[in-house]
Amino acid sequence: MALWGGRFTQAADTRFKDFNDSLRFDYRLAEQDIVGSIAWSKALLSVNVLTEQEQQKLELALNELKLEVMEDPEQILKSHAEDIHSWVEQQLINKVGDLGKKLHTGRSRNDQVATDLKLWCRQQGHQLLIALDNLQSKMVKVAREHQDTVLPGYTHLQRAQPVTFAHWCLAYVEMLDRDYSRLNDAINRLDTCPLGSGALAGTAYPMDREELAHNLGFRRATRNSLDSVSDRDHVMELMSIASISMLHLSRLSEDMIFYNSGESGFIELADTVTSGSSLMPQKKNPDALELIRGKCGRVYGSLAGMMMTVKALPLAYNKDMQEDKEGLFDALDTWNDCMQMAALCFDGIKVNGERTLEAAKQGYANATELADYLVAKGIPFREAHHIVGVAVVGAIAKGCALEELSIAELKEFSEAIEDDVYDILTIESCLEKRSALGGVSPKQVAYAVDQAQQRIDQRDLSAVKVRPARLTDIDTLESMVAYWSSMGENLPRSRNEIIRDIGSFAVVEHQGEVTGCASLYVYDSGLAEIRSLGIDPGWQRQGQGSAIVQHLVDRARKMAIQKVFVLTRTPEFFMQHNFLPTSKSQLPEKVLKDCDQCPRIHACDEVALEINLCEQVILRTSVA
């Protein structure tokens, strides 16, 4: 059923429906639409549109739906819904009946899709940062291995001056560093929440939009409702960054294709990223690199198409904006795939150092060194430049390198040339003299490799952060604890209990959004329990649980607690974190008394596990 049918007396033409519907591509926003809907249900609770019981029922149903989507996202495509918003609403109504119809109160698909798309862009942006980081790390590793591998440098595809393979790698590391910086900036700029802007004029309900933004992990709420629903700058900015980065990847590919050619023979790509010819059995084609180069134009096309779509749109929302998603999805998917493939091309790469050195010695790459030598003898550079040019012509006529000319032959070009000239005409000298910052001397290249590695190591790419709980987290903690207790996984805790024990709680955040919680409850000196562990269903299996368990174990160790135990129905998870099975009879009476609250007390299926922190300390000390 359409969300807007009341105004119409005739059904839409099926051809128009096919033309108009967006579910075939915006189904990728399902998780974001559900997350946004949960936050909106809390906002409606805050303005008394929903009761607490209604909100919890909606949140429970939406979380169930999110898990179903995560397990099989393509199930959505079997529906005839107009778009992802219609699909989510219909599924919700199927689960909770007419209560599901209340959720859209005060909300428009205009601010809804703007929010969904920003949530998706933020999440995808983080994945792209990881891909950039991985590619840079791979290239720095190869650079470290080839600091001494001499490579001819080129201008105009003519051999110019010798460099090293490491220096060439680091040139692209610098390009990717700028891509990384641009992407970081773009993620920061798009980190504003449009939800609550309505169709164009704002919502009629007096909710706190800043709180709503923070509930979704955004830095702040947007400031103007007209701009909020019509803004697609972040779409174009991400496409622009992808286009610039694809340009860098295309240049990288072109270099490597040239280096891999039979004419150069500088590198050999692994069989895993090359293919053969259906006719010529000897061929080994660099198809991965050629495809990266070819896909560059595809990303450019997406950016150009989006900018042409937006350039003449009046405020506020227009259906033209539906054209933002396919191009964006394709551009960022393509960029991500190409970064992954570029990194793969450096796996198993073989660099022919003998061949690169031989090529670097050809083409009179040391001519500039001879000119600098003459300058050191007091000859003006322009005159020295002319002398060396004539010398190169002479060497070409004799079919030899500059360093192969005798002193007598060299003196024909300038009386200033002495026997010491041969020391500066070597490849080693050519490299060593480029000792200024950013040059190709061995010391500078080694320094550059170390600096690049340090910059990479200093990045914090773990989107998962664990911190002590704050009083401002109470609502989220109460909601999360209530959710998992309603599922029968944890014991119920009242709001007063949570406030009282706030110091024992920790929360896990993903880009500012609280996605999980747990507490370290201390019973007696030397004993503590991890309890109330719960991760938002949409964030499970993404390292959240592991991060918060490790945080609490580390906290217990700092408090000199001897043992930490847990009662759980998922012992395998805790055993991965060095917990070992123990007997419940070994637990204090206070623990078992707490179990009286459990609805499964007469059919308990929980397993007790513990980790002995004293034994771990002793073991680490003995190993050290």
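Cut-offs applied
- Here the residue numbers are simple positions, counted from 1 along each chain's written sequence.
- In keeping with the model being predicted, local features are shown solely for residues with a pLDDT of at least 70 and side-chain atom pairs are shown and tallied solely at 80 or more, while totals for entire chains, interfaces and linings include all residues.
- Water and hydrogen atoms play no part in the side-chain values, which are based on all heavy atoms of the structure.
- UniProt positions are given in the numbering used here, feature names are shortened, and annotations may be inferred rather than shown by experiment.
- Only buried residues count toward a nonpolar core. Its members are Ala, Val, Leu, Ile, Met, Phe, Trp, Tyr and Cys residues joined through side-chain atoms within 4.5 Å.
- Each residue is placed in one exposure class: buried if its accessible area under a 1.4 Å probe, protein chains only, is under 20% of its type's maximum, exposed if it is over 50%, and partly exposed if it falls in between.
- Boundaries of every domain are those given by an automatic assignment or by a domain database.
- To get an axis, fit a line to the C-alpha atoms, keeping to the stretch in contact for a helix; angles then go from 0 to 180 degrees between the N-to-C directions.
- Strands here are runs of E lasting at least two residues and helices are runs of H or I lasting at least four, both read from the DSSP assignment and numbered beginning at the N terminus.
- Put simply, angles under 35 degrees are roughly parallel, angles over 145 are roughly antiparallel, angles from 65 to 115 are roughly perpendicular, and the rest are oblique.
- In this scheme the handedness of a crossing depends on how the near helix is turned from the far one: anticlockwise by less than a right angle means left-handed, clockwise means right-handed.
- Contacts are assigned to residue pairs that have any heavy atoms within 4.5 Å of one another.
- Each residue is assigned to one of three groups, with Ala, Val, Leu, Ile, Met, Phe, Trp, Tyr, Cys and Pro labelled nonpolar, Asp, Glu, Lys and Arg labelled charged, and all others, Gly among them, labelled polar.
- Put simply, buried area is the surface a 1.4 Å probe can reach on two separate parts but cannot reach once they are joined, added for both.
- Any pair of N or O atoms that falls within 3.5 Å is considered a polar contact. Within protein, one atom must be able to donate a hydrogen and the other to accept it, and sequence-neighbouring residues count only if both atoms are side-chain atoms.

Looking up the protein chain in an unreviewed UniProt entry gives the name Argininosuccinate lyase, with the organism given as Vibrio albus. Taken verbatim from the UniProt record of the protein chain, the Pathway (unreviewed entry) comment is "Amino-acid biosynthesis; L-arginine biosynthesis; L-arginine from L-ornithine and carbamoyl phosphate: step 3/3."

A. Examining the nonpolar core more closely. Counting residues in each nonpolar core, the largest one holds 112 residues, and the members touching the most others are W168, L249, M256 and W335. Here this core spans two domains, and each of domain 1 (14–105) and domain 2 (110–357) adds at least three residues to it.

B. Quick peek at the packing of helix α4 (residues 52–71) against helix α20 (residues 474–486). With their axes 11 Å apart at the nearest point, α4 and α20 run at an angle of 65° to one another. The angle between the axes of α4 and α20 places the two elements in the roughly perpendicular class. The chirality of how α4 crosses α20 is right-handed. Across the interface between the two elements, E52, E59, L60 and N63 from α4 touch E478, S479, Y483 and S486 from α20. Looking at the contact of α4 with α20 residue by residue, the classes come out as two nonpolar, three polar and three charged.

C. Highlighting the domain arrangement of the protein chain. Assigned domains within the protein chain: domain 1 (14–105), domain 2 (110–357), domain 3 (363–425) and domain 4 (464–612). The C-alpha-based centres of domain 1 and domain 4 are spaced at 30 Å. Between domain 1 and domain 4, the buried area comes to about 860 Å², and carbon and sulfur atoms account for 54% of it. On the surface where domain 1 and domain 4 come into contact, there are one residue pair in polar contact (both at pLDDT 80 or more). Within the residue set of the side of domain 1 that touches domain 4, elements represented by two or more residues are α3 (30–46) and α4. The dominant element in the side of domain 1 that touches domain 4, judged by the number of residues it contributes, is α4, at seven residues. Residue composition of the side of domain 1 that touches domain 4, by class: four nonpolar, one polar and four charged.

D. Quick look at unusual backbone geometry. At the junction of L315 and A316, the peptide bond is cis and its omega measures out at 5° in the coordinates. For A316, the location among the structural elements is in the loop between α11 (287–310) and α12 (324–345). A positive phi is found at A560, a non-glycine position, where the angle reads about 65°. Note on placement: A560 falls in the loop between α22 (544–558) and β11 (563–568). Despite not being glycine, N578 shows a phi value in the positive range, around 75°. Inspection of the secondary structure assignment puts N578 in the loop between α23 (571–575) and β12 (580–581). In this structure N578 comes out as exposed when scored by relative accessible area, which is 51%.

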